[in-house]
Amino acid sequence: MILLQCVVPLLASAQALTLDECRRLAHDNYPAVKQYGLIEQSRDFTVENAAKGWLPRVSAQAGGYAFTDVLKTSAQMQAVGIDIKNQLLSGSLTVTQPLYDGGQISAQKHLAEAEAEVDKSQLGVTLYDLNQRIEQLYFGTLLYDEQLAQNHLLQSDLAISHGSVAAMMKGGIANQTDLDAVSVEEVKARQQQASLQAQRRAYLAVLGTFIGRQLGEQTQLQRPPLVDIAGWTAAAVQRPELDSYTAQTRLLDVRRQQLDTRLRPTVSAFGMGMLHSQVSDMVKNGMLVGGLTVSWNIGALYTRKNDIKKLQTQRLLIDTQRETFLFNNRLQNESTGGTVESLRTLIGQDDEIVSLRERIRSKSEKKVQLGTESVNEMLRDINAVSEARQQKVLHEIQLLQALYQIKNLNNH
């Protein structure tokens, strides 16, 4: 029996979940996590394709042509081999090797990497928002745990009162109506217990879906410790939204560099082999050509000014979004910080109220035993104690949730 009493608490603690563990499991189980791998694969494919821009380019061409008389040849010209035909079949094979691309291939690689970082940072924002949903479910379940504990105390108090009133009936101090009044409160307490248990199961079911585990009534959640928020400032914010804004700014920098590469010429070496039907006895039907080509497309100059202004506008938009986020975050910190101070004050007052309510109930029970107070008045005082306790635990869980909300707001 002693061994069983030692093992049961160990099993219960082994099943207990922590808030950090729930967050980690939720992140691992969330379908969006798979996008990290897909983003990296897409980036690698794009970079690899860009690198292939340095490979030789091979093109083949074939055609058949018919002409009107290019040159009227006489019999004497034909006799010496000058006989131009009006049909031509030709084919060519060209190999081009880029030598200098003005930095376009490198810019494409950097662009692919910068776009991948933006996608990953935005995904990080989505996953970070998941923390708030997990906290709501976690602290909601903790609140039901505390309310159930207080409900158990209420039922214990009512059970003691039931025994006292039953004893008083034997002494003629109380009657059946008084005992029935206590029984009604006991039934109401059991109803409240059933309702709280049902709501707790619902919260655990949703939490279990998020973390990918089957959570039952035996699942216990550890109450997280109070966190010290003293010294936290707006400058210490480490939210993924800020990383996203930084990634977007870097992407604009890469696009700005890409605009410069469009103004630079490109240099390539080429070799071409051509084979065609003989149009004249004096013309060979094949030849080889090789050389260098320099290409410079000045079309980018036409839109360069507007392209730069567009990037500047986008940069200002990102800066505005960052400032707006920090402003709203600061407001949330101040508002939640005020809530924390208010709840701490309320909890101090709750302790005093509970103490006073318990003192009133104790005196009420003695008065009932002396016959100077009714059982209904005693039940009212017992319920008042339970309500005071419920209010205290509500404020305690709300304080915990507010502290962790500030922790979440600043990513500490």
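Whatever comes next refers back to the structure up there.
Residues numbered from 1 in each chain as written. Predicted model: local features only at pLDDT ≥ 70, side-chain atom pairs only at ≥ 80, totals over all residues. Heavy atoms only, no water.

Participant: Sorry if this is basic, but what is going on with the nonpolar core here?
Facilitator: Side chains of nonpolar character tend, in soluble globular proteins, to be buried together. Counting residues in hydrophobic clusters, the biggest one holds 30 residues, and the most contacted among them are C22, I134, F139, L207, I211 and L221. Of all the elements in the fold, those that place two or more residues in this core are α2 (19-29), α5 (104-170), α6 (176-211), α8 (300-370) and α9 (375-410). Discounting chain neighbours no more than four positions away, the residues touching L221 are L17, Y138, T141, L142, L204 and L207. Grouped together as the second largest cluster of nonpolar side chains are 14 residues, A181, V182, M378 and I382 included. (Core = buried A, V, L, I, M, F, W, Y, C linked by side-chain atoms within 4.5 Å. Buried < 20%, exposed > 50% of the residue type's maximum accessible area, 1.4 Å probe, protein only. Helix = DSSP H or I, 4+ residues; strand = E, 2+ residues; numbered from the N terminus. Contact = heavy atoms within 4.5 Å.)

Participant: Can you walk me through the environment of A50 in this structure?
Facilitator: Looking at where A50 falls in the secondary structure, it is placed in helix α3 (residues 34-51). Remark: the alpha-carbon pair of A50 and A112, spanning 62 residues in sequence, is separated by 9.1 Å. Once residues lying within four places of it in the same chain are set aside, the contact partners of A50 are I105, Q108 and K109.

Participant: What am I meant to see in a nonpolar patch on the surface here?
Facilitator: On the surface, W296, I298, L301 and Y302 cluster together into a nonpolar patch covering about 500 Å² of accessible area. The topology assignment puts W296 in the loop between β4 (286-295) and α8. (Patch = residues over 30% accessible without salt bridge, like charges linked within 9 Å, V, L, I, M, F, W, Y side chains within 5 Å. Areas by Shrake-Rupley, 256 points an atom, 1.4 Å probe, with all protein chains shown as cover. Salt bridge = Lys/Arg side-chain N within 4 Å of Asp/Glu carboxyl O.)

Participant: How should I be thinking about the environment of V182 in this particular structure?
Facilitator: Among the secondary structure elements, V182 is positioned in helix α6. As for V182 and L158, which are separated by 24 residues in sequence, their C-alpha atoms are 6.9 Å apart. Aside from chain neighbours lying at most four places away, what touches V182 is L158, S161, H162, V165, V375 and L379.

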